[in-house]
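# Tertiary structure, described
Here is what each chain is made of, one letter per residue.
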Amino acid sequence: MTRLVAASLALALALTVGLSAQAKKYGKPLTLKDSTKVSEIYASPDKYKGKKVLVEGPIVDVCAEAGCWLAIGSDKEFQTIRFKVDDGVIVFPMSAKGLNAKVEGVLEVAMLSEAEQIAAGNEMAKEKKMPFDPKTVKGPKLSIQIKGEAAEVK
Amino acid sequence: MKLHKLNVILHRDVGYLAFALTIVYGISGLAVNHRADWNPSITQTKTTMAIAPVTETERDAIVKDALAKLGLTATPRNVFRPDPATLRIFYENLTYSVDLPTGKVVIDRTTPRPVLKEFNDLHLNAPKGVWTWIADVYALSLILLAITGLFVLKGKNGLTGRGAWLTTIGVLLPSAYWIYHLYLE
């Protein structure tokens, strides 16, 4: 009996270690082989607008409210791109922060008005329980995000 | 076997099987219903501390200096600079945001809520895969429970008596609210 328990524990441990080393998959399987650098997307957004892209990078933020988006760090400093998924379709855990991700989806490019930026800023401030000053919004701003379908986190 | 007896047995046994998940989904339902006001799966705590300003200019040197000043010896999962003045250092469920010129540090710690996180993950089908099928079977069993439940009792407390009134109220409540929501709210 003791041997059986020990063997079961060893098997469970081996499976846990094995599984934790594997990438955790979310949503549909990735289909693209070649990734696009985030800096390239920012350099020529119109080239990738409406197209499916695969992006790799560190997860630098996660939607705390519903796990419905990731912020992926760029290959270039001071740059991130948002990977947005439909609420409930994929739920990213907060514990994914700091891990590396491969995300795939369609690139959305839109010009946000001041009012839209203020609304988004207020929503983010509420979610993060941090202050937001609408006066920091000055003029329309280009918004670039990937509408997500598939992700792997490791 | 008589149809009524079969219905009662079905209602009873499926009810036993669905008991645990109904509790899980019910508790999680209450929790996620109010997620605009709180995070039902994790607790987030922010604390602050101060270190000496980080004056290095190269990325690697900045990271090394910040880690030393924070007294952190473990290798972080990742580091990232969202802007020239900020360094974020990531560990599991722990993020240090260092304001480099001032040395002000915000430590963001997330802790899963025991039990509730697991309940919510199951309810929101976070695991996907096989769980999707289990949740589908559970949903079908709830439909079965609702239908068989209508015919458990006979007589004045059954569907031809008191049951009819209560069932009608149960149908009218969501219908009336939805009409209100669509046209009056």
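Residues numbered from 1 in each chain as written. Chains lettered and ligands numbered in written order. Predicted model: local features only at pLDDT ≥ 70, side-chain atom pairs only at ≥ 80, totals over all residues.

What follows is about the overall build of chain B. For chain B, the helix and strand inventory stands at five helices and five strands. Whereas a compact globule of 185 residues would reach a radius of gyration of roughly 16 Å, chain B reaches 27 Å, over 25% beyond that. With the principal axes as the frame, chain B shows a C-alpha extent of 85 × 45 × 25 Å. Partitioning the contacts of chain B with sequence separation of at least 6, the portion at a separation of at least 24 is 54%. (Helix = DSSP H or I, 4+ residues; strand = E, 2+ residues; numbered from the N terminus. Rg over C-alpha atoms; globule rule 2.2 N^0.38 Å. Contact = placed C-beta atoms within 7 Å.)

For chain B, the assigned domains read domain 1 (1-40 + 114-151), domain 2 (42-112) and domain 3 (153-185). The gap between the C-alpha centroids of domain 1 of chain B and domain 3 of chain B is 22 Å. (Domains from an automatic or database assignment.)

Pairing between the strands of a sheet comes from backbone hydrogen bonds, and it takes one of two forms, parallel or antiparallel. All names here are of chain B. One open sheet accounts for five strands, arranged 1-5-4-3-2; its pairing is antiparallel. At either end of the open sheet lies a strand with only one pairing partner, and these are strand 1 (42-50) and strand 2 (78-83). In this sheet, adjacent strand axes meet at a mean angle of 20° when their direction is disregarded. Examined bridge by bridge, strand 2 and strand 3 (residues 86-91) share four bridges and lie antiparallel to one another. Across the sheet, residue D83 finds its bridge partner in strand 3, namely T86. (Pairing = 2+ DSSP bridges. Axes fitted to C-alpha atoms, helices over the stretch in contact; angles between N-to-C directions.)

Taken together, the contact pairs 20 residues of chain B with 16 residues of chain A. The set of elements that each furnish at least two residues to the side of chain B that touches chain A consists of strand 1, strand 2 and strand 3 of chain B. The greatest single-element share of the side of chain B that touches chain A, amounting to five residues, is contributed by strand 2 of chain B. Grouping the constituent residues of the side of chain B that touches chain A by class yields eight nonpolar, six polar and six charged. (Nonpolar A, V, L, I, M, F, W, Y, C, P; charged D, E, K, R; others polar.)

Our next topic: the nonpolar core. All names here are of chain A. In terms of nonpolar packing, the biggest core is built from 37 residues, with L70, I72, F83 and V103 touching the most fellow members. Ranked by the residues each element gives to this core, the list is headed by strand 2 (residues 52-62), at five residues. What V103 contacts, discounting residues up to four positions off in sequence, is V55, L70, I72, F83, I146, G148 and A151. (Core = buried A, V, L, I, M, F, W, Y, C linked by C-beta atoms within 7 Å. Buried ≥ 20, exposed ≤ 12 C-beta atoms within 10 Å, placed from the backbone.)

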